Amino acid sequence: MSKDSIAFIGLGAMGLPMARNLVKGGFAVTGFDLDANALDSLEQAGGKRAASARAAAEGAGLVIAMLPTAAHIRAALEGEGGALAALTDASLFINMSTILPQETDAIAALLAERGLRMLDSPVGRSAMEAERGTLLILASGSGPDKARAQEALLCMGNQIIDCGEVGGGSRVKVVNNFMGISLNALTAEALTLAEACGLSVELALQVMRGTIAGLGHMNITYPNKVLRGDLSAGFQVDLAHKDLGLALELASRSRACVPMGSAAYQSYTAARAQGLGAQDYSAIYPLMRSLAGLPKALPYTVDTPVNADPFGKAAAR
């Protein structure tokens, strides 16, 4: 079976290495970008350059967009020299950009009105993994479209997660980035607090890499407590509230700015106000679900503990 030719629109920090990896994978790649240097780099890697998104998409089986915003995608599709005029029912448009799910839905509807197909496949990981071809691909769309694009996607990534119908990829990408980016800010606060109160960053790293702080609630606490329907106290909300209060007092005395920690303190205060003080501190999750108006029953549970005791003893808090 012959490979689809590929149009790649958007040759930035992520898009250019992705396009180069498609070339390495044996695909004929024609790229478009407003940056002439990016087009030069693609040519040097064995790809071709186009003068417009439409020119890149002419005759291409797969048309991939990796652009900063939904407005850029709409312009690349519908603007002057846009790719939409070149798409046919034999084309598959693949958006790999990170945009609002509602914007993804609108673009998918625009294409569907014209009898055109789309995969919503944003990526996880960074530009370093884009260079290595080890991105995490969050593919959403129809089964046949996913199957058609699989070989190309695996040139750019080493793992594909099936995220259901179009829009699923965008939704999980935004949620994933919400957590990762927020944790980055909290990590900066924790290391700053360590240094401000007289500790070395090296010591803080050594300790936190061996506790939940570094190992993560997704890996240990949640699969072993709240996601099993178990809110018996491993570490009480009351104790979490008390310890976080100590940290905020230490931050105040050390003149460290800790807005993420301060916001988290309010969540535990709310949990205590709802009578959850004696429950496990993962009870914050059902509280947040309740505030969002979600059903009381959890939509997902695990049946068995996951990595329940990675230290050989009860996990340090």
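Residues numbered from 1 in each chain as written. Predicted model: local features only at pLDDT ≥ 70, side-chain atom pairs only at ≥ 80, totals over all residues. Heavy atoms only, no water.

As recorded by an unreviewed UniProt entry, the protein carries the name Sulfolactaldehyde 3-reductase and is attributed to Achromobacter denitrificans.

This part takes up the packing of helix α8 (residues 168-196) against helix α9 (residues 201-208). Where α8 meets α9, the closest approach of the two axes is 9 Å, and the angle between their N-to-C directions is 130 degrees. Here α9 runs oblique to α8, going by the angle between their axes. Here the hand of the crossing between α8 and α9 comes out right-handed. Along the contact surface, α8 presents Ala190, Leu191, Ala194 and Glu195, while α9 presents Val201, Ala204, Leu205 and Met208. Of the residues belonging to the contact of α8 with α9, the class tally is seven nonpolar, no polar and one charged. (Axes fitted to C-alpha atoms, helices over the stretch in contact; angles between N-to-C directions. Helix = DSSP H or I, 4+ residues; strand = E, 2+ residues; numbered from the N terminus. Parallel < 35°, antiparallel > 145°, perpendicular 65-115°, else oblique. Left-handed = near helix turned anticlockwise from the far one by under 90°. Contact = heavy atoms within 4.5 Å. Nonpolar A, V, L, I, M, F, W, Y, C, P; charged D, E, K, R; others polar.)

To describe a pair of aromatic rings, you give the distance between the ring centres and the angle between the ring planes. Taken as a whole, this structure holds two aromatic pairs when the rule is applied. Relative to Tyr281, the ring of Phe235 lies with its centre 5.0 Å away and its plane at 90 degrees, an arrangement referred to as edge-to-face. Taken together, the residues span a long stretch of sequence, with Phe235 in the loop between α11 (221-224) and α12 (237-254) and Tyr281 in the loop between α13 (259-273) and α14 (284-291) at a distance of 46 residues. We classify Phe235 as buried; its relative accessible area is 14%. Lys3 extends its terminal NZ or CZ atom over the ring of Phe27, reaching a point 4.6 Å from the ring centre. Positioned above the aromatic ring of Tyr285 is the side chain of Arg289, whose terminal nitrogen or guanidinium carbon lies 6.0 Å from the ring centre. (Phe/Tyr/Trp six-rings, centres within 6.5 Å; stacked < 30°, edge-to-face > 60°. Buried < 20%, exposed > 50% of the residue type's maximum accessible area, 1.4 Å probe, protein only. Lys NZ or Arg CZ within 6 Å of the ring centre and 35° of its normal.)

Mapped onto the secondary structure, Ala256 falls in the loop between α12 and α13. We classify Ala256 as buried; its relative accessible area is 14%. With 60 residues separating them along the chain, Ala256 and Ala196 place their C-alpha atoms 6.4 Å apart.

Once that is clear, we can look at the UniProt feature "domain: 6-phosphogluconate dehydrogenase NADP-binding" (unreviewed entry) in the protein. When the UniProt feature table is mapped onto this chain numbering, "domain: 6-phosphogluconate dehydrogenase NADP-binding" (unreviewed entry) sits at residues 5-163. For the annotated span residues 5-163, helix accounts for 41% and strand for 22% of the residues, and the straight-line distance between the end C-alpha atoms is 25 Å. (UniProt positions renumbered as here; feature names shortened; annotations may be inferred.)

Before going further, it helps to spend a moment on the sheet that holds strand β8 (residues 135-139). Here three strands make up an open sheet; going across it, the order is β7-β8-β9 and the pairing mixed. Because the sheet does not close on itself, it has two edges, and the strands there are β7 (123-124) and β9 (157-162). Of the strand pairs in this sheet, β8 and β9 are connected by five bridges, and their pairing is parallel. Note that in β9 the partner of Leu136 across the bridge is Gln159. (Pairing = 2+ DSSP bridges.)

Turning to the UniProt feature "domain: 3-hydroxyisobutyrate dehydrogenase-like NAD-binding" (unreviewed entry) in the protein, a few remarks are in order. Under the local residue numbering, the UniProt record ascribes the feature "domain: 3-hydroxyisobutyrate dehydrogenase-like NAD-binding" (unreviewed entry) to residues 167-287. Segment residues 167-287 splits into 68% helix and 0% strand. End C-alpha atoms: 27 Å apart.

This paragraph deals with a nonpolar patch on the surface. There is a patch of nonpolar side chains on the surface, built from Phe178, Met179, Leu183, Leu186, Met218 and Met260 and spanning about 570 Å² of accessible area. In this structure, Leu186 sits in helix α8. (Patch = residues over 30% accessible without salt bridge, like charges linked within 9 Å, V, L, I, M, F, W, Y side chains within 5 Å. Areas by Shrake-Rupley, 256 points an atom, 1.4 Å probe, with all protein chains shown as cover. Salt bridge = Lys/Arg side-chain N within 4 Å of Asp/Glu carboxyl O.)

Right, let's get into helix α2 (residues 36-44). Considered for burial, the residues of α2 that qualify are Ala38, Leu39 and Leu42. All buried residues of α2 lie within an arc of 100 degrees about the axis, which places them on one face of the element. Relative to its buried face, α2 has exposed residues pointing more than 90 degrees away, namely Asn37 and Gln44. The distance from a side-chain oxygen at the start of α2 to the backbone nitrogen of Asn37 is 2.9 Å, and the residue carrying that oxygen is Asp35. One or two steps after α2, the chain reaches Gly46, where phi turns positive at roughly 110 degrees. (Arc of directions from axis to C-beta. Polar contact = N/O pair within 3.5 Å; in protein donor to acceptor, adjacent residues only side chain to side chain.)

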